[in-house]
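# Geometric and topological summary
Residue-level listing of the chains:
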Amino acid sequence: MSYIHFPVIAVMTLFMGAFLTVVLGRHSKGVRSFIALAASCVSFALIAMLVKPVMIDGEIISYWMGNWAPMSGYAIGIGYEVDQLGLFFALLVVTTILLSAVYSIRYIEKDSSQDFYYVLFLMLSGSVLGLVMTGDVFNMFIMIEIMTFTAVGLTAFRNTSFGAVEAGFKYLVIGSIGSSFTLFGIAVLYGQCHTLNMAQLSAMLYGNHSPATLMAFALMFTGLAVKSYIVPFHTPAADAYTTAPSSISMVFSGMVNKAGVYGMIRLVYIIFRTVDMPSVQTLIVLFGTVTMFIGVTMALAQHDFKRLLAFHSISQIGYVITAAGLCTSLGLSAGLFHAMNHTLFKGLLFLCAGAVLRSTGTTNLDQLGGLSKRMPKTTLCFLVGAFSISGLPPFNGFASKWLVYQAAYEKAVTTGNIFYAFVTVTAVVVSVMTLASFIKVTQAAFFGQLPARLADVEEAPGLMLLPMYIMSLLCVGTGIFYDKVYQYLLDPAVRAAFTVSNYIDRMMGDGYAEAAGVEDVFASNPHFSYWNPVIWLALFVIVFCAAYICVVTSKGSRGQILSDEGGAEDGKYATFFSGEKALPSHVAGSDLFWGFKTDWKGYFRVMEGLHSGIVNDYALYVVAAAAFVVVFTFAFLR
Amino acid sequence: MNFSLIGALQILFKILIFPGLLFVVVIGLFLAGIDRKLVARMQKRVGPPLRQPWFDFLKLLGKETIVPHAANKAVYLAAPVIGFTGLVVMALFIPVFGYSTFSGNGDLIVLLYLLTIPAVALIIGGSASGSPYAGIGISREMVTMMSYELPLIIILLSVARKVGGSALCFSLGQIVNWQASNGCLAFHPALIPAMLAMLLVIPAEVGTQPFDVAEAETEICEGPLIEYSGAPLAVFKLNTAMKMFIMTALFTNLFFGGVSTASLIGAGIPAIALDAVIMVLICIVVTFLSMSLIHAITARFKIEHLFKFYWTVVAGLAALSLVLVWFGL
Amino acid sequence: MLKNAIAKSMMRSPWIYHINTGSCNGCDIELVAVLTPRYDAERFGFKLAGTPRHADIVVISGPVTSQSKDRLIRTLAQVPEPKCVVTLGSCPQSGNVFKGSYSVEAPVENFVHVDVAIAGCTVKPEAVIAGLYKAAEILEKKREAMNK
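Rules and cut-offs
Residues numbered from 1 in each chain as written. Chains lettered and ligands numbered in written order. Predicted model: local features only at pLDDT ≥ 70, side-chain atom pairs only at ≥ 80, totals over all residues. Helix = DSSP H or I, 4+ residues; strand = E, 2+ residues; numbered from the N terminus. Rg over C-alpha atoms; globule rule 2.2 N^0.38 Å. Contact = placed C-beta atoms within 7 Å. Buried ≥ 20, exposed ≤ 12 C-beta atoms within 10 Å, placed from the backbone. Pairing = 2+ DSSP bridges. Axes fitted to C-alpha atoms, helices over the stretch in contact; angles between N-to-C directions. pLDDT = per-residue confidence, 0-100. Nonpolar A, V, L, I, M, F, W, Y, C, P; charged D, E, K, R; others polar. Parallel < 35°, antiparallel > 145°, perpendicular 65-115°, else oblique. Left-handed = near helix turned anticlockwise from the far one by under 90°. Right-handed = clockwise from strand over helix to strand, strands pointing away. Expected span 1.5 Å × (residues − 1). Arc of directions from axis to C-beta. Core = buried A, V, L, I, M, F, W, Y, C linked by C-beta atoms within 7 Å.

## A short note on the overall build of chain C
Along the backbone of chain C there are 5 helices and 5 strands. Taken from N to C terminus, the helices and strands of chain C fall in the order α-β-α-β-β-α-β-α-β-α. A compact globule built from 148 residues would reach a C-alpha radius of gyration of about 15 Å, and chain C, at 15 Å, matches this within 12%. Taken along the three principal axes of its C-alpha coordinates, chain C extends 50 × 35 × 20 Å. Intrachain contacts of chain C at a sequence separation of at least 6 include 81% that bridge at least 24 residues.

## Topic: the overall build of chain A
Within chain A, the secondary structure is distributed over 25 helices and 3 strands. The C-alpha atoms of chain A give 25 Å as radius of gyration, which agrees with the globular expectation for 638 residues (26 Å, within 12%). By principal-axis analysis of the C-alpha atoms, chain A measures approximately 90 × 65 × 50 Å. Across the 638 residues in chain A, those meeting the buried criterion constitute 61%. Long-range contacts, defined as pairs at least 24 residues apart, comprise 80% of the intrachain contacts of chain A with a sequence gap of at least 6.

## With respect to the sheet that holds strand β2 (residues 47-48) of chain C
Residue and element names in this part refer to chain C. Read across the open sheet, the 5 strands follow the order β2-β1-β3-β4-β5; overall the sheet is parallel. Sheet topology places β2 and β5 (116-118) at the edges, where each strand pairs with a single neighbour. In the sheet, strand β1 (residues 15-20) pairs with β2 via 2 bridges, with the strands oriented parallel. Within β2, the residue paired with Trp15 across the bridge is Lys47. Helix α2 (residues 26-33) contacts β1, β3 (57-61) and β4 (84-88) of the sheet and is inclined by roughly 145° relative to β3.

## Brief notes about the confidence of the model for chain C
Averaged over all residues, the pLDDT of chain C equals 86, while 99% of them reach at least 70. Scored as a whole, the predicted complex attains pTM 0.89, and scored at its interfaces, ipTM 0.88.

## A word on the interface of chain B and chain A
At the interface, 72 residues of chain B touch 65 residues of chain A. Listing elements by their share of the side of chain B that touches chain A, those giving two or more residues are β1 (65-67), α4 (73-93), α5 (108-128), α6 (132-164), α10 (230-255) and α13 (303-326) of chain B. Per-element tally for the side of chain B that touches chain A: the top contributor is α6 of chain B, with 17 residues. Split by residue class, the side of chain B that touches chain A holds 46 nonpolar, 16 polar and 10 charged.

## Here we look at the interface of chain C and chain A
A common way to report how large an interface is uses the accessible area buried once the components associate. With 11 residues of chain C at the interface, the matching set in chain A holds 6 residues. Those elements that provide at least two residues to the side of chain C that touches chain A are α1 (2-12) and α3 (66-77) of chain C. With 4 residues, α3 of chain C is the single largest residue contributor to the side of chain C that touches chain A. Split by residue class, the side of chain C that touches chain A holds 4 nonpolar, 3 polar and 4 charged.

## Observations regarding the packing of helix α7 (residues 164-193) of chain A against helix α9 (residues 211-227) of chain A
Axis angle and axis distance: for two packed helices, these are the angle between their axes and the distance between the axes, and together they describe the pair. Residues and elements named next belong to chain A. Axis separation between α7 and α9 bottoms out at 7 Å; the angle between their running directions is 155°. Between α7 and α9, the crossing angle belongs to the class labelled roughly antiparallel. Crossing handedness for the pair α7 and α9: left-handed. Here α7 contributes Ile174, Ile177, Gly178, Ser179, Phe181, Thr182, Phe184, Gly185, Ile186, Val188, Leu189 and Gln192 to the contact with α9, which in turn contributes Ala212, Thr213, Met215, Ala216, Leu219, Met220, Thr222, Gly223, Leu224, Val226 and Lys227.

## Considering the pairing of β3 of chain C
All names here are of chain C. The element β3 is largely enclosed, with a buried count of 5 among its 5 residues. On β3, burial covers both faces: Ile57, Val59 and Ser61 on one face and Val58 and Ile60 on the other are all buried. As judged from the 5 bridges shared by β1 and β3, these two strands associate in the parallel manner. Bridging across to β3, Ile16 finds its partner in Ile57. Taken together, the 5 bridges between β3 and β4 define a ladder with parallel strand orientation. Of the residues in β4, the one forming a bridge with Ile57 is Cys84. What joins β3 to β4 is α3, and the crossover it makes is right-handed.

## Concerning α3 of chain C
All names here are of chain C. The terminal C-alpha atoms of α3 lie 18 Å apart, and with 12 residues this matches the ideal 16 Å at 1.5 Å per residue to within 8%. Looking at α3, one finds that the buried residues are Ser68, Leu72, Thr75 and Leu76. The arc that holds every buried residue of α3, seen down its axis, measures 95°, which confines them to one face. Buried positions along α3 lie against β1, β3 and β4.

## A few points about helix α10 (residues 235-243) of chain A
Residues and elements named next belong to chain A. Most of α10 is tucked away, with 9 of its 9 residues classed as buried. Buried residues of α10: Thr235, Pro236, Ala237, Ala238, Asp239, Ala240, Tyr241, Thr242 and Thr243, and no others. Buried positions along α10 lie against α6 (137-155), α7, α11 (246-271), α13 (305-325) and α25 (615-636).

## Describing the nonpolar core
Core analysis: the biggest nonpolar cluster contains 408 residues, and Leu348 of chain A together with Ile246 of chain B have the highest contact counts within it. In terms of residues, this core owes the most to one element, α6 of chain B, which gives 19 residues. Not counting residues within four places of it along the chain, the set of residues in contact with Ile246 of chain B comprises Val24, Leu87, Met90, Ala91 and Ile94 of chain B.

## Digging into the environment of Leu31 of chain B
Residue and element names in this part refer to chain B. Among the secondary structure elements, Leu31 is positioned in helix α2 (residues 21-42). Residue classification places Leu31 among the buried positions, given that 28 C-beta atoms sit within 10 Å. Linking Leu31 and Ala190, residues 159 residues apart in sequence, is a C-alpha distance of 29 Å. The contact partners of Leu31, leaving out residues within four places of it in the chain, are Ala241, Met244, Phe245, Thr248, Cys283, Ile284 and Thr287.

## Some details on the environment of Ser181 of chain B
With respect to the helices, strands and loops of the structure, Ser181 of chain B is situated in helix α7 (residues 172-182). Residues Ser181 of chain B and Gly258 of chain B lie 77 residues apart in sequence; the distance between their C-alpha atoms is 7.3 Å.

## Digging into unusual backbone geometry
A negative phi angle characterises most non-glycine residues, just as the trans form characterises most peptide bonds. All names here are of chain A. Each neighbour pair has its own omega, and for Val231 with Pro232 the value is 5°, a cis peptide bond. Take Pro232: it is sitting in the loop between α9 and α10. For the peptide bond that leads from Pro393 to Pro394, omega is 5°, which places it in the cis range. Mapped onto the elements, Pro394 comes out in the loop between α15 (376-390) and α16 (396-415).

The following block contains the structure:
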């Protein structure tokens, strides 16, 4: 069997899994878990086997469903086309699916109607995987629809918990508006070009925009932006990520909003190739910068663990969009790298939140505390995730954020546009604020004092810890060996995005792109030289071990280290409480960053007003933003 | 990299003695002593001897280390060492003018992030001690960090723009070399606001008065350090001293990078030694201006005022520089 | 060698933690006066610490009211060894004018080991410096004893 069938089989396996769950998995828990695991393993293996031919050998897979190849230069059938960019996102998707499936086994064991959970989960997985590999715009729309409706179902899965149905409803409304825009855009496009194949569209639209296609661009751009939850479309995401089960929140932030990001990249880089225009770059970077800033400031104001993570998801997508919108090879590498890292660390953090929720029954940061004593493994994983997302060296978040800054500032100095310099500054400041809000979680949930209520909380079971460990290792590994990641994953994907003609020729036959006048603008190779995490880490570990031995373990001349393991009530080991008898006292989430919050209270008041929780308002934001994009497109795009 | 024995010994020398561990520790504690002496002299006191930080450090080594009930022991004991290690490794990235451990490279953004490691270590350590005072302390430390990070990045970008022109330049080595041929950045009028801003960023980064809101001993009992005693506390105090040197050395490289003597007396060990001496002298001046002077004449900020001060006055100065540099001054 | 250096440093860098157990504030002011330019105790390395965990010398002022007795004992327990206890003024030693009150627990020696007692009502700054210096010497001896 040749590997050109693998993409379709991978998608079909997941959909078949959903079907089989309905048929066989109604009564047996084992069968359900087995089907989900088996389907996700198979699709993971199939996609992983494509790395060699596609990423390393540089082949692009094209596959016509039912062998409906183009006739007389027009694509009729549905085509799957897996280029390096698509495969990059497909890898993120299958990794997320697999880890989430493993995590789900224990995580949802106490929920009712698990068969529905698995059906929806597998449908969602299949649709996102299909979305990133399809070569047909309408097929993409169908996948978006399946994705949206399964996601709505999963959002409201724990419908007994507070706000789940409401979140599902918001998601439904906003998601449907987004889908409608996409559909409308596709319809306009079809009317103009009489084809739905991406490659052919790309060839036809290259440097050839009529008002109708510009309208289609604006609508599709908005529709896909809704799916990637950038501001101002982020409003349903915050609720959905909070109320969905954590395994699903991880899927949402790991692949569902990546699907939107993928769609936007595909749209502006391949289908319309509008990203070379400075005005489009400005538009995307503006959206990205606003997204990362509003996301992170909203996150600072949250005191629910998962809601905070949800706003960080929004904020990190802002980084991805900003970097991708710069339209330099360094920028797109940075964006893709950050997208990948975001999948890893945000997934990890959502899994940690899930472990905390399962053990303690709450994610309210004002009611948690001191969990590091009871859940040390979760704490370790959480710290890895928190340091990664805050971009501390040598974790992966640092490597990608560093590339984002470099890309943004390179853009600033080469174009002489001071706007991009302020984008760089914003990105750095947002990064510090990200650190701040994760310090808040660390203090409020994992360190500090353990409330009596949580005194006998238990560590998460091994099957839940396993995906967390894997993701932690990946977070560290991709941070240290980022040059390998660049070489094998990012560079091919970036090249694919910049060489449109390959994409067109592979699907429509050699010479098609040339005939349509498509020229590839190839960008130079990014250089990274100054940061060598391997040497740095080696130094760090050596010096750390030496210093640790000197400080902590040496005996003799030095003072002893006394710690009271027995837990006897000796005043010596009590927390200093100004001389009083130490009472349980914990500085919780809402108490932190007081000085910052008072200085920004005007801003927070406005933001609070804007996030009213009323779905009508949110729908209005979407429509208003769509109007803005349309006006912008017609005013500035040439 | 050369793996011969001599090469390995050279690297070991660089890490352990110069410009790594020993150099940073000795000069850091020396600067801390000078700071205390200068403040005392400005208040018409005699002041402690210059060796005082050494005494403090050694004394703390000899005290018991008490790990409180509420603390997470492993994190509590490891945190100061992580901060210390971060500083030692960072010192290797900061050149002594032309001379540095890793062939003249120190990326500004990497340095910016490495600088956060000691602060994060302090925060995590304080958080792990389980004290409510430490909770308030880490909150303030974090807000302080958010405050100075904005001006700091604008300063770094201004310098990068000035040196790189229309090319991306984040290399500290390149910045120093540029100054060797084009004159120190401190004498370029467009960068004077940035230099003033940097002088104000240093004390917040190090945490000296009036920006020591996080460790305010009179209000919140030393904040994150409240439960620490003995050797871990000694390491934290050492970290502060080392940060003093690293920040002033960074300042020297950014704004006075061109005063290397290598061009006068030829490259070699005497030039490096002389450079090191010059660098320490400039560091002393910077310590005086940015830490001792401000310490002696001001009282502690409130945290919300600190934040406002940095995001308006200091960031404004830095942004002024960026705009001036951007339009070719 | 390190042991000797540490012992020497003990004497050169004593950090003070001050506990007020119901004092009239007179002695407290004199203690602060010791750090002013006129007396400048910092030249001996004295420094006020914010928490008992950092302290070497604990200075107790006031006649130890019964409310503060528990708190005094608890705080003293939290000071890491080696440590010295210094009483400031007459109150902790005898109860001074408050002696015989139902709410005063002085003398403090009854429940706390005191290394140096500085007398006076209020204490003179010179006496405070002399007493603290003596306490610093005791610290060094205690540390040397720990070395053996």
